[in-house]
Amino acid sequence: MEFSEIEQIAIGKQKFPKKADRDELFALFALKGLLEYFRTDNVSKLAASNYKKQIAGRLETIKHPKTTDAEKEWNRRTTEAAEIQSKILLANLLHANPYSLLLQACKAVSILMDDQMHFYNQIHKDCHEIIGMGLDDPLPLEAEREQLEQDIALLEKKISESHDADRNYRLNLAKETMQTRLDAITPKEKKNLFE
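How each quantity is defined
Residues numbered from 1 in each chain as written. Predicted model: local features only at pLDDT ≥ 70, side-chain atom pairs only at ≥ 80, totals over all residues. Heavy atoms only, no water. Helix = DSSP H or I, 4+ residues; strand = E, 2+ residues; numbered from the N terminus. Buried < 20%, exposed > 50% of the residue type's maximum accessible area, 1.4 Å probe, protein only. Contact = heavy atoms within 4.5 Å. Areas by Shrake-Rupley, 256 points an atom, 1.4 Å probe, with all protein chains shown as cover. Core = buried A, V, L, I, M, F, W, Y, C linked by side-chain atoms within 4.5 Å. Salt bridge = Lys/Arg side-chain N within 4 Å of Asp/Glu carboxyl O. Expected span 1.5 Å × (residues − 1). pLDDT = per-residue confidence, 0-100.

Chemist: Which residues make up the overall build of the protein, and what are the values?
Modeler: Tallying secondary structure elements over the protein gives 8 helices and 0 strands in all. Listing each helix as α and each strand as β along the protein from the N terminus yields α-α-α-α-α-α-α-α. A buried classification covers 23% of the 195 residues belonging to the protein. Considering only contacts within the protein whose residues lie at least 6 apart along the sequence, 47% involve residues at least 24 apart. Carbon and sulfur atoms form 57% of the exposed surface of the protein, whose accessible area is close to 14,600 Å².

This is the structure we're talking about:
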């Protein structure tokens, strides 16, 4: 019920509705009391007008609370996390890779905690190093292989463009380190003993 309707009920122009909440009843009784004071000349017209604005303002803030930027941000994050949660539940029903489910759950936690994805990135990195390497899980290993290949290609490009011997030496060391890691996680072909 809007304040104008409550005002009409207080004046007596409309009937009182069967359903009204506590705040609407408070506004109605406050307006009725104010009207009685005004009719008996206990309150000036200006004071009555100010009291009426206060009552209307209180009802407005209760009925339509203003959301702050922080509340809007929290609502956005919880909505995004809820969407991820529903994706996780669906993926679980479809027997998705547990690695993917873990990463999605960590992404939801990062979004809720508003940590700029640090938690998610750390878990992602650890999964690549621990789960992928330890369990020979192809999904994280393949992603790491692709990233290493891209980084090695970028280093080769930088080496070919650079004319500084010291810089080239450091870039070559980085490239060799990445190549060693790439060789370590690349599956090796098993030799057939009967060949």
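Chemist: I'd like a rundown of the nonpolar core, residues and numbers included.
Modeler: Core analysis: the biggest nonpolar cluster contains 8 residues, these being Ile6, Ile9, Ala10, Ala27, Leu28, Leu31, Ile55 and Leu59. Elements with a contribution of two residues or more to this core: α1 (3-11), α2 (22-39) and α3 (45-63).

Chemist: Go over the pattern of salt bridges, please, and point to the residues and values.
Modeler: Opposite charge on two side chains makes pairing possible when the charged atoms of those side chains draw close. One pass over the structure, following the stated rule, counts 4 salt bridges. With its nearest N and O atoms 2.5 Å apart, the salt bridge here joins Glu73 to Arg76. Remark: Arg76 and Glu73 occur in helix α4 (residues 69-93); sequence separation between them is 3 residues, near one turn of the helix. Looking at Arg76, the relative accessible area reads 41%, which means it is partly exposed. A salt bridge links Arg170 to Asp166; its shortest N-O distance comes to 3.7 Å. Within this pair, Arg170 and its partner Asp166 are both found in helix α8 (residues 165-185), separated by 4 residues, close to a single helical turn. Assessed through its relative accessible area of 47%, Asp166 is described here as partly exposed. Each of the salt bridges in this network shares a partner with another, and the network as a whole consists of Glu73, Arg76 and Glu80.

Chemist: Account for helix α5 (residues 98-113), with residues named and values stated.
Modeler: Relative to the 22 Å expected for 16 residues at 1.5 Å per residue, α5 spans 22 Å between its end C-alpha atoms, a close match to the ideal helical length. Turning to α5, its buried residues number three or more, namely Tyr99, Leu101, Leu103, Cys106, Ala108, Ser110 and Ile111. Positive phi appears at Asp114, one or two residues downstream of α5, with a value of about 55°.

Chemist: Could you give an account of the confidence of the model for the protein, naming the residues involved and the relevant values?
Modeler: Averaged over every residue, the pLDDT of the protein is 77; the share at 70 or more is 83%. Here helix α6 (residues 118-135) is the element of the protein with the lowest mean pLDDT, 72, and α8 is the one with the highest, 86.

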